[in-house]
Amino acid sequence: MILLQEIQAFLECLLQTTNDAVTIIDTEGTVLYWNEAAEMTYGISGNDIIGRKIGDFFQRESIMLFHVMESGRAVREVYHEPRPGMHVMITAQPVRNRDNTLIGAISIERDVTQYVKLSAEMYSRVGERELSLAVFSLKPEQWKHLATVSRMASPILLLGEPGVGKKSLAEWLHRCERCEGHFVYINCSAVPDGLLEAELFGYHGDEERPGKLDLAQDGSIYLKDIHALPKRLQEKLANAAHERRYCRQGGTAFIPLQCRIFASIPEAAMQEPHAGLIEELYYTFQIQRLQPLRERKQDVPELCRQFLAAASQKAGIPAPTLASDALAALTAFEWPGNLPQLRNAMEYAVIAAQGTGKITARELPEYARLTTLTELTQPELPLSAHSEEMERSLIFETLQRTKGNKAKAARQLGISRGALYYKMKQYGLDS
């Protein structure tokens, strides 16, 4: 049985090895724990802060932690910019003992500064990546393989969640090959079983009726939800793909198959053996899975830039830029609706930011916004703290305007150079 001292040793090791800044306070707001990551993040040693009130160092964080203790509810993924150019995500939770008595609160702050800066850098790289690579998140070798498969006219089965771009990829490959024929679409799950064969292969009777395969001659056909085809039609399609010919329903004459076949299935069908297809049809296809946005957050900034440009062009206005808090929110969100949801969010933001030229987190749809520490604590922040924030902002802007020339900044602010150095250290602007 593990002794209490050993559990404490494991906990201490865990808190010290994490890259996140960890703060623990008691019910009076006294700092009980401050790990090395917190020291590195804020430049305050544990010896200086442990045993003192958290509010002596961080007023907004103090208000938040007391709010967490009073409400008994945790807060998660709260965005904060503790100083200009620094970005953190805060999660805080009340702590109770075995008797369910409140004994304090813990705050974990993840420094996402480098991630936000990288996102901003990727967002500003106009024209360095093709939209195809960003939309479909294909590595160059995957793209080369898929393009070769398409040129060989091998059937391609595209897997992935709704909205990841399966149909768009099929259309892109169709355009890349400069096909003379049409790109024909059929949703197999939307056509009644009794009509599917005639819809796909055409009908031979008193009246000859071409099917989708006829319409796609010298072009491409996209079969959405191909797993919805009855097994007998899956067999007929597999034979058509292998022999490059087919018969219409009710007919005996063979018609050449002269089109590329693209197909897709929903994510749920991927759990079934052979994705819900008969083996003969399944192994006809070359398979490519497209990742959902939550698995490729690195593509979000580039996609945002492309969608913003398209939405702005449609609205007839200059494309706005994304502020750092908006980038943090967009890359933190999971995007369950994938590309259509992100496109819709950028169109919403373009409309909301008209006339400002910049999109902040406030201009994003409500579901994609991050709660900020400023919003969380604004009503309870003392007037003195508001004055300090205004002063810090003024000093930061002046230093930017003077390109870091402290003597010039001090003159413009009407204070001595020594006073400027003191205030820069006080507000964390000296790093």
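For the structure, check the block above.
Residues numbered from 1 in each chain as written. Predicted model: local features only at pLDDT ≥ 70, side-chain atom pairs only at ≥ 80, totals over all residues. Heavy atoms only, no water.

**Describing unusual backbone geometry**
Part 1 of the reasoning: The backbone of Asn100 shows a phi angle near 65°, a positive value even though the residue is not glycine.
Part 2 of the reasoning: The residue Asn100 is located in the loop between strand 4 (88-96) and strand 5 (102-111) in this model. (Helix = DSSP H or I, 4+ residues; strand = E, 2+ residues; numbered from the N terminus.)

**Points about the environment of Gly250**
Part 1 of the reasoning: Positionally, Gly250 belongs in the loop between strand 9 (245-247) and strand 10 (254-256).
Part 2 of the reasoning: Classification of Gly250 by relative accessible area gives exposed; the value is 65%.
Part 3 of the reasoning: For the pair Gly250 and Glu197, spaced 53 residues apart in sequence, the C-alpha to C-alpha distance is 9.9 Å. (Buried < 20%, exposed > 50% of the residue type's maximum accessible area, 1.4 Å probe, protein only.)

**Digging into helix 11 (residues 231-243)**
Part 1 of the reasoning: For helix 11, spanning 13 residues, the distance from its first C-alpha to its last is 18 Å, which sits close to the expected 18 Å at 1.5 Å a residue.
Part 2 of the reasoning: Structurally, helix 11 contributes buried residues whose contacts are with helix 9 (193-201), strand 8 (220-224), strand 9, strand 11 (260-265) and helix 12 (279-282).
Part 3 of the reasoning: Immediately beyond the C-terminal end of helix 11, within one or two residues, lies Arg244, with a positive phi of roughly 60°. (Expected span 1.5 Å × (residues − 1). Contact = heavy atoms within 4.5 Å.)

**Observations concerning the packing of helix 13 (residues 300-315) against helix 14 (residues 324-332)**
Part 1 of the reasoning: At a minimum axis separation of 10 Å, helix 13 and helix 14 run at an interaxial angle of 115°. What the angle tells us is that helix 13 and helix 14 run roughly perpendicular. The handedness of the crossing between helix 13 and helix 14 comes out as right-handed. Each of Val300, Pro301 and Cys304 in helix 13 lies in contact with helix 14, whose residues at this interface are Leu327, Leu330 and Thr331.
Part 2 of the reasoning: Split into classes, the residues belonging to the contact of helix 13 with helix 14 amount to 5 nonpolar, 1 polar and no charged. (Axes fitted to C-alpha atoms, helices over the stretch in contact; angles between N-to-C directions. Parallel < 35°, antiparallel > 145°, perpendicular 65-115°, else oblique. Left-handed = near helix turned anticlockwise from the far one by under 90°. Nonpolar A, V, L, I, M, F, W, Y, C, P; charged D, E, K, R; others polar.)

**Digging into the sheet that holds strand 2 (residues 31-34)**
Part 1 of the reasoning: Read across the open sheet, the 5 strands follow the order 2-1-5-4-3; overall the sheet is antiparallel. Both edges of this open sheet fall to strand 2 and strand 3 (75-80), since each of them pairs with a single strand only. Across this sheet, the average inter-strand angle for adjacent strands is 20°, counted without regard to direction.
Part 2 of the reasoning: Pairing of strand 3 with strand 4 involves 4 bridges; the strand directions are antiparallel. For Val75, the partnering residue across the bridge sits in strand 4 and is Ala92.
Part 3 of the reasoning: Strands strand 1 (21-25), strand 3, strand 4 and strand 5 of the sheet are contacted by helix 4 (residues 59-71), whose axis makes an angle of about 130° with strand 5. (Pairing = 2+ DSSP bridges.)

**Concerning the nonpolar core**
Part 1 of the reasoning: Counting 34 residues, the largest nonpolar core has Leu157, Ile221, Leu223 and Ile226 as the members making the most contacts within it.
Part 2 of the reasoning: Mapped by element, the contributors of at least two residues to this core are strand 6 (156-159), strand 7 (183-187), helix 9, strand 8, helix 11, strand 11 and helix 12.
Part 3 of the reasoning: Broken down by element, the residue count for this core peaks at 5 residues, all from helix 11.
Part 4 of the reasoning: Contacts of Ile226, omitting those with residues within four sequence positions, involve Leu157, Cys188, Gln234, Leu237, Ala263, Ser264, Ile265, Leu277, Leu281 and Phe285.
Part 5 of the reasoning: Residues Val112, Ala311, Leu342 and Ala349 belong to the second largest nonpolar core, which totals 30 residues. (Core = buried A, V, L, I, M, F, W, Y, C linked by side-chain atoms within 4.5 Å.)

**Things to note about the packing of aromatic side chains**
Part 1 of the reasoning: This model, assessed by the stated rule, comprises 10 aromatic pairs.
Part 2 of the reasoning: Pairing Phe333 with Trp335 gives two aromatic rings, centres 4.7 Å apart and planes at 85°, and the pair type is edge-to-face.
Part 3 of the reasoning: Plain terms: the ring middles of Trp335 and Tyr367 are 6.3 Å apart, the flat faces sit at 90° to each other, and that makes the pair edge-to-face. Of the two residues, Trp335 is situated in the loop between helix 14 and helix 15 (338-352) and Tyr367 in the loop between strand 14 (358-359) and helix 16 (373-377); the sequence distance between them amounts to 32 residues.
Part 4 of the reasoning: Between the NZ or CZ atom of Lys167 and the centre of the ring of Tyr185, over which it lies, the distance is 4.8 Å.
Part 5 of the reasoning: Sitting above the plane of the Phe201 ring, Lys236 keeps its charged end 4.5 Å from the centroid. (Phe/Tyr/Trp six-rings, centres within 6.5 Å; stacked < 30°, edge-to-face > 60°. Lys NZ or Arg CZ within 6 Å of the ring centre and 35° of its normal.)

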